[in-house]
Amino acid sequence: MIVLGIDPGSRKTGYGVIAGTAAGYRVVGCGLVRPRASATLHERIAQLCLGIDEVVVRLRPEAVALETAFVGRNVRSALILGQVRGAMLATVLKHGLPVREYAPREIKLAVTGTGSARKEQVAAMLSRLLEFGLEPKPLDVTDALGIAYCDLARGASAIWPEGGTKKSGNSRSRGWAAFVTDHPELVA
């Protein structure tokens, strides 16, 4: 399964594409879509959509994952982010891709083991988990990779390219018997 993680923003949008196979995960591509700084909000949103559309066409993901919306102190920023997220959703949905959303805490937990990790900790852990060496900068890129990684690690992207299906991602929610069946190598 190939998952596109998107970290939407009105000034720059990070994207990260990870392929998950039975052998593990590998980064297919990552980067930023940056609209012109002098563009109006509407023009920036259009440029972001074109950029993400190009990523979808070039890297051919099979699913998309986004961070859920959250409201900070600045309501105006939250409204702008909502417009960008809506445009991103419309862009990927026109390709018929399934979309899943994850809370920031859930993404951090999936990557680092703690929901209160800082962005730099997430970036460092992804560098180790995905074996891509130096951390991609800026953090918008590692945030997007973290979103895609969370989707794969949580087992939400259950259809694998080899033609089989991945076992449900969270053995704990299915009980110890399922864990033992899923991970015989860990049982003494």
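Figured I'd write up the structure that's included with this text.

## Re the overall build of the protein chain
Line of reasoning, step 1. Looking only at helices and strands, the protein chain features seven helices and five strands.
Line of reasoning, step 2. Traced from its N-terminal end to its C-terminal end, the protein chain shows the element sequence β-β-β-α-β-α-β-α-α-α-α-α.
Line of reasoning, step 3. Within the protein chain, buried positions represent 41% of all 188 residues.
Line of reasoning, step 4. Counted over contacts in the protein chain with a minimum sequence separation of 6, partners at least 24 positions apart contribute 59%.
Line of reasoning, step 5. Taken as a whole, the protein chain presents about 10,200 Å² of accessible surface, with 56% of it coming from carbon and sulfur.

## Remarks on the pairing of strand β3 (residues 24-33)
Line of reasoning, step 1. The pairing of strand β2 (residues 13-21) with β3 spans nine bridges and is classified as antiparallel. Counted as the bridge partner of T13 is V33 from β3.
Line of reasoning, step 2. Where β2 folds back onto β3 in an antiparallel hairpin, the turn is made up of two residues.

## A word on the packing of aromatic side chains
Line of reasoning, step 1. Under the definition given, this model contains one aromatic pair.
Line of reasoning, step 2. Considering the side-chain rings of Y25 and Y149, the 5.2 Å spacing of their centres and the 85° angle between planes classify their relative orientation as edge-to-face. With a gap of 124 residues between them, Y25 in strand β3 and Y149 in helix α5 (residues 139-153) connect regions that are remote in the sequence.
Line of reasoning, step 3. The class of Y25 is partly exposed, set by a relative accessible area of 26%.
Line of reasoning, step 4. For Y149, a relative accessible area of 10% gives the class buried.

Scoring rules and cut-offs
Residues numbered from 1 in each chain as written. Predicted model: local features only at pLDDT ≥ 70, side-chain atom pairs only at ≥ 80, totals over all residues. Heavy atoms only, no water. Helix = DSSP H or I, 4+ residues; strand = E, 2+ residues; numbered from the N terminus. Buried < 20%, exposed > 50% of the residue type's maximum accessible area, 1.4 Å probe, protein only. Contact = heavy atoms within 4.5 Å. Areas by Shrake-Rupley, 256 points an atom, 1.4 Å probe, with all protein chains shown as cover. Pairing = 2+ DSSP bridges. Phe/Tyr/Trp six-rings, centres within 6.5 Å; stacked < 30°, edge-to-face > 60°.

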